[in-house]
Amino acid sequence: MVDPMVFYLLPILIAYTGGKLIYEHRGGVVGATATMGVILGTSSELFVGPEGAKPPMFLGAMIMGPLAAWCMKKLDGLWDGKIKPGFEMLVNNFSAGIFAAIAAMLSMFFLSPIMHFVQSVPGAIVDWLISHNLLLLTSLLIEPAKVLFLNNAINHGLLTPLAVQQSLEQGKSLLYLLEANPGPGFSILLAYMFFGRGSAKATAPGAAVIHFLGGIHEIYFPYVLMKPQLMIAAIAGGMSGITVESIFKVGLVGPAAPGSIFAVAAMTSRDSYLGMALGVLAATAVSFIISALILKFSRQEQGDLAAAAEKMQDMKGKKSSVAGAFATSDNNSNKKIEKIVFACDAGMGSSAMGTPVLRNKIKDAGLGDKVTVINSAINNLKDEYDLLVSHQDLGDRAAAPTPSAIHVAVDNFIGSPRYDEIVEKLQEQYSDAPATQQTAPAAETVAPASAGTAAATNSHIASTKGGAVRAVDNSNYVLTKKSIVMDGVASSRAEAIDQAGHLLVNTGSVDQSYVAAMHEREASVSTFMGNGLAIPHGTNEAKSAIYDSAMSFTCYNEPVDWNGKPVKFVIGIAGADGEHLELLQKIAKIFSSKASVTQLEEAGYELVFSDVAAPVIDKLNSLKSYTVHEVGHDPKDIEIKKFRGINSAEKPEALAEEIATSDVVTTAVGPTILKFVAKNIAEGLEKRAAAGASGKVAVMACENAINATDILAAAVREHYPTADNVAVFANTAVDRIVPAQDPGEGLDVTVENYYEWAIETGPFGDSHPDIPGATWVDDLAPYITRKLFTVNTGHATTAYFGRAAGISKISEVLESDDIRAKVEATLAETKDLIVRKFGFEPEVQQVYIEKIISRFENPHLPDTVERVGRGPLRKISRHERFIGPVAELAEMGRPTDALLATVEVLLAFDVAEDEESQQLQAKLASLKAGETTPAVLATELTGIESGHPLFGGLEKVFAKFA
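The rules behind these values
- Residues numbered from 1 in each chain as written.
- Predicted model: local features only at pLDDT ≥ 70, side-chain atom pairs only at ≥ 80, totals over all residues.
- Heavy atoms only, no water.
- Helix = DSSP H or I, 4+ residues; strand = E, 2+ residues; numbered from the N terminus.
- Buried < 20%, exposed > 50% of the residue type's maximum accessible area, 1.4 Å probe, protein only.
- Contact = heavy atoms within 4.5 Å.
- Areas by Shrake-Rupley, 256 points an atom, 1.4 Å probe, with all protein chains shown as cover.
- Core = buried A, V, L, I, M, F, W, Y, C linked by side-chain atoms within 4.5 Å.
- Pairing = 2+ DSSP bridges.
- Axes fitted to C-alpha atoms, helices over the stretch in contact; angles between N-to-C directions.
- Phe/Tyr/Trp six-rings, centres within 6.5 Å; stacked < 30°, edge-to-face > 60°.
- Parallel < 35°, antiparallel > 145°, perpendicular 65-115°, else oblique.
- Left-handed = near helix turned anticlockwise from the far one by under 90°.
- Nonpolar A, V, L, I, M, F, W, Y, C, P; charged D, E, K, R; others polar.
- Expected span 1.5 Å × (residues − 1).
- Bend = angle between axes of the 7 residues up to and from the residue.
- Arc of directions from axis to C-beta.
- Salt bridge = Lys/Arg side-chain N within 4 Å of Asp/Glu carboxyl O.
- Right-handed = clockwise from strand over helix to strand, strands pointing away.
- Polar contact = N/O pair within 3.5 Å; in protein donor to acceptor, adjacent residues only side chain to side chain.

Peer 1: Hey, could you run me through the overall build of the protein chain in this one?
Peer 2: Summing up its helical and strand segments, the protein chain has 37 helices and 20 strands in all. The buried share of the protein chain, reckoned over its 962 residues, is 50%. Taking all contacts inside the protein chain whose residues are at least 6 apart in sequence as the whole, residues at least 24 apart take part in 70%. Working note: accessible area of the protein chain is about 43500 Å², and carbon and sulfur atoms make up 56% of it.

As structure tokens, then:
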């Protein structure tokens, strides 16, 4: 069991972890798969011969995992956004599999030999050192490498594979202990406890416990970096420990991770406990003596522990889990804080965002009257502040003019956890102040009277769509309607900055050169603010390119990669005389709240409902919100807030006005009602033309019928022949099960959590509306036909057979094996048509069918066979869900028995509350009475004439009711 884990499992886990860091789960899988080539190069007899395996490829996994993930990420970027909808999963799966296989073969034949050579060199060196009793010299490499943060590469990449091979042969290995010995680091911390000073002396005891007992060697690295001469003590201690351990032939049976004394003891071979203890003791004693001498005779030259911790983080390449313990300079750690300043490059953006966030936190802690918080440009700083907050990239510049201040570096100005640390420190200093106010203060009004606050509130952002609030385009405002974009698209940070800059240029408030200054500013320090917000702006030197203060606001459909941080909102700013600062502070309050950010993300269309049912409209207008309950495998509730209702029977002119100012008009009234609503739509379009509105409104019929919008468009043109001058008519396919609603739920709606809304792109040309959740397709026919002949045909088939069997609830019908078989047989015939007509792969269509049937079985949908089966006359018409597919199949000479059996059970659908059902039964009664014939009635109801290949089969079905 040990061998497979060492040679297979551990390298795969290493590769997966490295790949995931580069490209998330996809990178981890590809990296792990590609690393199998390196593993086979280590373990397969084809490469290593029958004599046995070579050392496990930990180092090869460290290289191949991240490398393969990075290559996969770059390959995905080549076809990102170019895959047709519906094929994403297919392309993603095949591309990952093919590339991983190729990478595995390349690693097997090319990387594996290189890794063998790389590992053979240190292996030979170690063998030579062991044979000449010089293994202690490895400390010259290991101890400096640890502090320079190469310990994992040396320990797990080089030493552990060699140790594994050695332990397999001898049962133990000293190589496991070369890096893991806690003695050298522990003794350095002990020396600081006795001979250090300031924060180093104060923090050394806790660090010693963490290091020796917890095994976190990283904790002592800053102490060595602060006094590099201590590297001599670490090396000498390491050599001493190895010498003693070699004399006693000490060995571990496996790697000790983390390197605590407990882990080392647990992995020590049974015959090595005494030698191990003496080795750690020797390393500690020798290193302590040298460290004490160095610290004692150079006390006045001790460095800055906080700076050393930051240096360690730079070498590590990411935040350290322990560096926060050294964040505050000991010179200022006890300084009382009364004045806090936020500093940024120009003082007109980043710092103005962070100031109100921290100020409000301090107020909430009851210290608002004791501590002031302001913002400033770095060039204007004076040494008169108690605490300075700056971006981590500007820390050195901000610290230079304020040596007396406590300096705090943050990586974003809105959501930094350092703010809470500052508040905690203030609470300690002002111990007489309450810790935290239990009741949050009332929220300030975010939007002042000017339209400049459009970016600050959900309702104002919606003003760019649907005519909910008509923003005034006035050049005197800092933020105007034409500088707001709610459906932005950008492939990179640079492109997003260009867009923000051009919006500012278009307002006439800045010169074109200001855009270049925005890029220059970004190159020096990131303008990422946190919580998905970035505020790019120019450098301090670019103020000459600003004529008036201005802002732009862009909300992106997909997050923009902002140097590794996701950004959905970009606010471009140009501050001439500080006019924008108040607005920035208000925006900061919004973005410091995750709930408010969520509202901004969901901002978009205002819904305006039209109906002739006065009670429904009155109820709608009396509510502040209603809830859509999505039920199924991942249920959730969605609260809808932005809506109004219009009684089109009482106020047709109000409906026309809404249509005249809308961006999108949709219907959900049923195909037979379209001709009645067409007049209202035509009146609205005519009013839109008379008003000279720019752009065309999108008009789409969301009905269960093929090309329903074409039907609506034809009816609209009868009333207004030039409707196409102001409207775009596009066909859609809507797929979502909405059952009969419980009257007790009011206006709340229960729906399944699956949905698809496919819209054809052709009528819109190069630009279509921004509709969240819509699927835009070049050719709608395959999607709408597949949906109608699978979802609608299957749903109705389930209802009719369920009604015939006396089952009321749709979700319970398919529990009958007999009915399930009939539904599956019906959908097998429509599948035959869809595959032949549109070229869908049979396997793909079968998966679609199985997904549809599982939706019918959703026990959380309170749907009935009576509701789903209503309107049988429409459902049996010529181009509807039954006669449409069965007629085409008959023309192809394909089987139609299952569909004809469903038509037969449809004819028996008799529900007193359904008008069409009663009309159908009346016609069948006239057939039974001999007033008509099966042939005549079949043609009347289905539109199939005699001579059609289907006619004979239909005539036999109708004859059963004679």
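Peer 1: For this particular structure, what's the right way to read the nonpolar core?
Peer 2: Across soluble globular proteins, you tend to see nonpolar side chains buried next to one another. Formed by 57 residues in total, the largest nonpolar core has its most connected members in Ile876, Leu907, Leu950, Leu954 and Phe958. The leading source of residues in this core is helix H27 (residues 781–804), at 7 residues. In contact with Leu907, other than residues within four places in its own chain, are Ile876, Leu920, Gln921, Leu924, Val957, Phe958 and Phe961. Residues Leu175, Ala191, Val224 and Met239 belong to the second largest nonpolar core, which totals 48 residues.

Peer 1: Which parts of the structure should I look at to understand the sheet that holds strand E16 (residues 727–729)?
Peer 2: Hydrogen bonds between backbone atoms are what pair the strands of a sheet, whose relative direction is either parallel or antiparallel. Pairing in this open sheet of 3 strands is parallel, and the strands run E14-E15-E16 from one edge to the other. Of all strands in the sheet, those with a lone pairing partner are strand E14 (664–667) and E16, marking the two edges. For this sheet, the mean inter-axis angle between neighbouring strands, taken without regard to orientation, is 20 degrees. In terms of strand pairing, E14 meets strand E15 (residues 697–701) through 4 bridges, oriented parallel. Note that in E15 the partner of Val664 across the bridge is Ala698. Helix H26 (residues 708–719) contacts E14, E15 and E16 of the sheet and is inclined by roughly 120 degrees relative to E15.

Peer 1: Is there a simple way to explain the packing of aromatic side chains in this structure?
Peer 2: The geometry of two aromatic rings is summed up by the distance between their centres and the angle between their planes. For the structure shown, the criterion picks out 11 aromatic pairs. Measuring from ring centre to ring centre gives 5.4 Å for Phe764 and Trp776, while their planes differ by 85 degrees; the resulting arrangement is edge-to-face. Taken together, the residues Phe764 in the loop between strand E19 (756–760) and strand E20 (774–777) and Trp776 in strand E20 connect sequence positions 12 residues apart. Using a relative accessible area of 15% as the deciding quantity, one classes Trp776 as buried.

Peer 1: Just to check I follow, could you spell out the environment of Ala32 for this structure?
Peer 2: Here Ala32 shows up in helix H1 (residues 2–43). C-alpha separation for the pair Ala32 and Gly19, spaced 13 residues apart in sequence, amounts to 7.4 Å. Ignoring sequence-local partners within four residues, the contact set of Ala32 consists of Ile12, Ala15 and Tyr16.

Peer 1: Just checking my understanding: could you explain the sheet that holds strand E1 (residues 339–344) for this structure?
Peer 2: Judged by pairing direction, the sheet is parallel, and its 4 strands sit side by side in the order E2-E1-E3-E4 without closing on themselves. Whereas interior strands pair on both sides, the edge strands pair on one side only; in this sheet they are strand E2 (372–377) and strand E4 (406–410). Averaged over all pairs of adjacent strands, the angle between strand axes in this sheet comes to 25 degrees, irrespective of strand direction. Sheet topology note: the E1/strand E3 (residues 387–391) ladder contains 4 bridges and is parallel. Opposite Ile340, over in E3, you have Leu387 as the bridge partner. Along the sheet, helix H17 (residues 418–429) makes contact with E1, E3 and E4, crossing E4 at roughly 155 degrees.

Peer 1: Even after reading the chapter, I still don't get the packing of helix H24 (residues 652–660) against helix H25 (residues 674–691), so can you show me in this structure?
Peer 2: At a minimum axis separation of 7 Å, H24 and H25 run at an interaxial angle of 55 degrees. The angle between H24 and H25 falls in the class oblique. Crossing geometry of H24 relative to H25 is assigned as right-handed. Where H24 abuts H25, its residues Pro652, Leu655, Ala656, Glu657, Ile659 and Ala660 lie against Asn680, Ile681, Glu683, Gly684, Leu685, Lys687 and Arg688.

Peer 1: What should I look at first to understand the packing of helix H11 (residues 230–247) against helix H13 (residues 273–296) in this one?
Peer 2: In a pair of packed helices, the angle between the axes and the distance between the axes together describe the arrangement. Where H11 contacts H13, the two axes come as close as 7 Å, and the packing angle between them is 160 degrees. Considered as vectors, H11 and H13 are oriented roughly antiparallel to each other. Relative to H13, H11 is oriented so that their crossing is right-handed. Its residues placed into classes, the contact of H11 with H13 shows 15 nonpolar, 7 polar and 1 charged.

Peer 1: What exactly am I supposed to notice about H27 here?
Peer 2: What sets the pattern is the α-helix's 3.6 residues per turn: residues three or four places apart point alike. Over its 24 residues, H27 runs 33 Å from end to end, which matches the ideal 34 Å to within 8%, given 1.5 Å per residue. Of all the bends in H27, the largest measures some 25 degrees and sits at Thr793. Counted residue by residue, H27 has 21 buried out of 24 residues, so it is predominantly covered. Gly806 sits one or two positions beyond H27 and adopts a positive phi of about 80 degrees.

Peer 1: How should H17 be read in this particular structure?
Peer 2: The first and last C-alpha atoms of H17 sit 17 Å apart over 12 residues, in line with the 16 Å expected at 1.5 Å per residue. Taken together, the buried positions of H17 are occupied by Arg418, Tyr419, Ile422, Val423 and Leu426. Down the axis, H17 shows its buried residues gathered within 145 degrees of arc, on one side only.

Peer 1: Whenever I open this one, the pattern of salt bridges confuses me. Can you help?
Peer 2: Two side chains that carry opposite charge are able to pair once their charged atoms sit near each other. Applying the stated rule across the entire model yields 24 salt bridges. A salt bridge links Glu752 to Arg855; its shortest N-O distance comes to 2.4 Å. Here Glu752 is found in strand E18 (residues 749–752), whereas its partner Arg855 is found in helix H30 (residues 842–856), with 103 residues between them in sequence. Of the two residues examined, Glu752 and Arg855, each falls in the buried class. Several salt bridges share partner residues, and in doing so they unite Asp735, Glu752 and Arg855 into one network.

Peer 1: Would you explain the pairing of E14 in this entry?
Peer 2: Across a regular strand the side chains alternate sides, sitting on one face of the sheet and then on the other. Judged by which residues are buried, E14 turns out to be one-sided: Val665 and Thr667 face inward and are buried, whereas Val664 and Thr666, on the alternate face, are not. Regarding topology, H25 serves as the crossover connection from E14 to the parallel E15, and that connection is right-handed.

Peer 1: Help me understand the side chain of Asn731, please; the structure alone is not making it clear to me.
Peer 2: Within the secondary structure, Asn731 is located in the loop between E16 and strand E17 (732–735). Separated by 3.0 Å, the side chain of Asn731 and the backbone nitrogen of Thr709 make a polar contact. Residues in contact with Asn731, not counting those within four places in the same chain, are Asn707, Ala708, Thr709, Asp710, Ala758, Ile759, Glu760 and Leu780.

Peer 1: Could you clarify how one ought to interpret the environment of Ile706 in this entry?
Peer 2: Relative to the assigned elements, Ile706 resides in the loop between E15 and H26. Spatially, the C-alpha atoms of Ile706 and His879 are 8.2 Å apart, while their sequence positions differ by 173 residues. In this structure, Ile706 is in contact with Ile784, Thr785, Leu788 and Phe789, ignoring residues within four places of it in sequence.

Peer 1: I would appreciate a short explanation of the side chain of Thr35 in the present structure.
Peer 2: For Thr35, the position within the fold is in helix H1. Judged by relative accessible area, Thr35 falls into the buried class, the value being 0%. Apart from residues no more than four positions distant in its own chain, Thr35 is found in contact with Pro11, Ala15, Ala61, Met64 and Gly65.

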